[in-house]
Amino acid sequence: MYEIVTLDLSTDDIPASMKSLVINGPQQDMTEEELYKIDQFIMKGGNVLFFLEPCLPNQQNTIYGAMTTFTENNVNIERLINKYGVSLDHQYVMDEACCQSYNNTYGILDLYWAPLLQKEQMNAKNAITGNLANVIMLQTGSLTIEEKAGLSSKVLVQSSDKAWSEPTEGLLLRPLMVMPPEDKSVYEKKNLMVLLEGNFESAFDQAPASLDSNEEGQGDYKISTHLAKSSQPGKVIVAASSQSTTPQVFPAEGSSGVAVLIINAIETGYAADVDYE
């Protein structure tokens with residue numbers, strides 16, 4: 001078994017005994033020091049799971065009680081994943097293979113922003129996803145992989161081949177407001193969760209100066225110990241949806257397909273949770 005603890009990276013160092021770190025739904029920029037701690041944890045062979053949030057509700061809609069629209073969630077933690085070879089598309093993936101709801105007036109309605117993924121959308125050769133089906137990736141973006149020297153990359157979860165992306169501007173997540181495109185040529189499989197393994201290159205040329213000011217020399221992230229490349233192989237998992245970790249699809253008893261997926265991913269090692277929701 002493993003223990004899950006919460007870290008405040010503005011004040012806490014990542015313990016040397018920590019095996020995995022979960023970054024769940026960042027919605028604001030981190031400091032250079034916080035980013036550097038994550039980066040150097042990876043350089044030392046740590047495992048990090050990034051559950052990203054591609055879009056956020058417009059605050060003005062919330063204040064005035066209007067129907068919720070969305071805006072791109074651009075946060076600087078993407079600087080790290082970009083360096084490691086993954087980029088996030090800040091649009092919602094819609095999929096004809098999706099969850100449905102019933103309405104007394106309109107009957108069965110498709111919730112295209114809640115792709116319902118079956119076994120064929122899971123990587124059958126990886127232990128994290130090999131035996132999974134019925135996984136809901138709620139309000140997910142898509143991921144692009146750039147090959148990096150020293151790293152192997154695997155797609156863990158994909159949409160069906162009847163998926164498309166919807167721009168955020170003016171988007172309303174209402175069943176009658178989102179319809180499949182007339183031009184079916186835009187359909188394509190989307191990468192929703194990816195795994196990187198191997199020796200990473202740091203996103204930093206050197207440590208931030210503030211982390212070199214520990215007079216007693218107790219800090220773990222001084223310039224003298226900066227790692228430009230991994231000292232041992234590590235793993236990075238990037239998922240394009242943090243909504244998949246919410247109670248809507250992740251029940252407390254952990255019985256859903258997406259719950260098993262996330263638990264399997266965490267069990268690459270003991271985990272700490274850094275939650276910015």
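Predicted, not measured: the structure shown is a model, and the values here were computed from it.

1. What about the overall build of the protein chain?
On a plain count of helices and strands, the protein chain comes out with 4 helices and 16 strands. Burial status across the protein chain gives 51% buried among its 277 residues. Looking at the protein chain alone, contacts between residues at least 24 apart form 77% of all its contacts between residues at least 6 apart. Counting only carbon and sulfur atoms, one obtains 47% of the accessible surface of the protein chain, whose full area is about 13,400 Å².

2. Things to note about helix H4 (residues 257–266)
Taking burial as the measure, the 10 residues of H4 include 7 buried ones, the bulk of the element. Along H4, the residues that are buried comprise Gly 257, Val 258, Ala 259, Leu 261, Ile 262, Ala 265 and Ile 266.

3. Considering the packing of aromatic side chains
Inspection of the entire model under this criterion finds 5 aromatic pairs. Ring geometry for Phe 70 against Tyr 92: centres 5.5 Å apart, planes inclined by 80 degrees, an arrangement best described as edge-to-face. With Phe 70 in strand E5 (residues 70–72) and Tyr 92 in strand E7 (residues 92–95), the pair connects residues that are 22 residues apart, well separated along the chain. We classify Tyr 92 as buried; its relative accessible area is 0%.

4. Thoughts on unusual backbone geometry
The backbone phi angle of Asn 134 is positive, close to 55 degrees, even though this residue is not glycine. As for its position among the elements, Asn 134 is in the loop between strand E9 (107–117) and strand E10 (135–136). Positive phi values are uncommon outside glycine, yet Gln 139 reaches one of about 45 degrees. A relative accessible area of 13% places Gln 139 in the buried class.

5. As for the pattern of salt bridges
Counted according to the given criterion, the structure contains 7 salt bridges. The shortest N-O distance in the salt bridge between Glu 197 and Lys 154 comes to 3.1 Å. In this pair, Glu 197 is assigned in strand E14 (residues 191–198) and Lys 154 in strand E12 (residues 151–158), connecting sequence segments 43 residues apart. Linked by salt bridges that have partners in common, Lys 154, Glu 197 and Lys 235 make up one network.

6. Focus: the sheet that holds E9
Strand order in the open sheet made by the 3 strands is E8-E9-E10, with antiparallel pairing throughout. Every other strand in the sheet has two partners, leaving strand E8 (98–103) and E10 as the edge strands with one partner each. In this sheet, E9 lies alongside E8 in antiparallel orientation, the contact comprising 6 bridges. Of the residues in E9, the one forming a bridge with Ser 101 is Leu 109.

7. Looking at the nonpolar core
Of all hydrophobic cores here, the largest spans 41 residues; its most connected members are Met 94, Val 135, Met 137, Val 157, Met 193, Ile 237 and Leu 261. When residues no more than four places from it in sequence are discounted, the contact partners of Val 135 are Pro 115, Leu 116, Leu 117, Met 122, Gly 257, Val 258 and Leu 261. Within the second largest apolar cluster, 35 residues are counted, among which are Leu 9, Leu 80, Tyr 84 and Leu 151.

8. As for the pairing of strand E15 (residues 234–239)
Of all 6 residues that make up E15, 5 are buried, and the element is covered over most of its length. Two strands pair when backbone bridges link them, and strand E3 (residues 47–51) and E15 are joined in this way by 5 bridges, in the parallel orientation. If you follow Leu 49 over to E15, its bridge partner there is Ile 237.

9. Topic: the confidence of the model for the protein chain
Mean pLDDT over the protein chain works out to 88, with 88% of the residues at or above the 70 mark. Below pLDDT 50 for its whole length, residues 213–223 participates in 21 contacts with residues either more than four positions away or in separate chains.

10. Here we look at the environment of Asn 82
If you trace the backbone, Asn 82 turns up in helix H3 (residues 78–84). Owing to a relative accessible area of 37%, Asn 82 belongs among the partly exposed residues under this scheme. As a C-alpha pair, Asn 82 and Glu 146 span 64 residues in sequence and 8.7 Å in three-dimensional space. Each residue touching Asn 82, except ones within four places of it in the same chain, is listed here: Ser 87 and Lys 148.

Analysis parameters
Residues numbered from 1 in each chain as written. Predicted model: local features only at pLDDT ≥ 70, side-chain atom pairs only at ≥ 80, totals over all residues. Heavy atoms only, no water. Helix = DSSP H or I, 4+ residues; strand = E, 2+ residues; numbered from the N terminus. Buried < 20%, exposed > 50% of the residue type's maximum accessible area, 1.4 Å probe, protein only. Contact = heavy atoms within 4.5 Å. Areas by Shrake-Rupley, 256 points an atom, 1.4 Å probe, with all protein chains shown as cover. Phe/Tyr/Trp six-rings, centres within 6.5 Å; stacked < 30°, edge-to-face > 60°. Salt bridge = Lys/Arg side-chain N within 4 Å of Asp/Glu carboxyl O. Pairing = 2+ DSSP bridges. Core = buried A, V, L, I, M, F, W, Y, C linked by side-chain atoms within 4.5 Å. pLDDT = per-residue confidence, 0-100.

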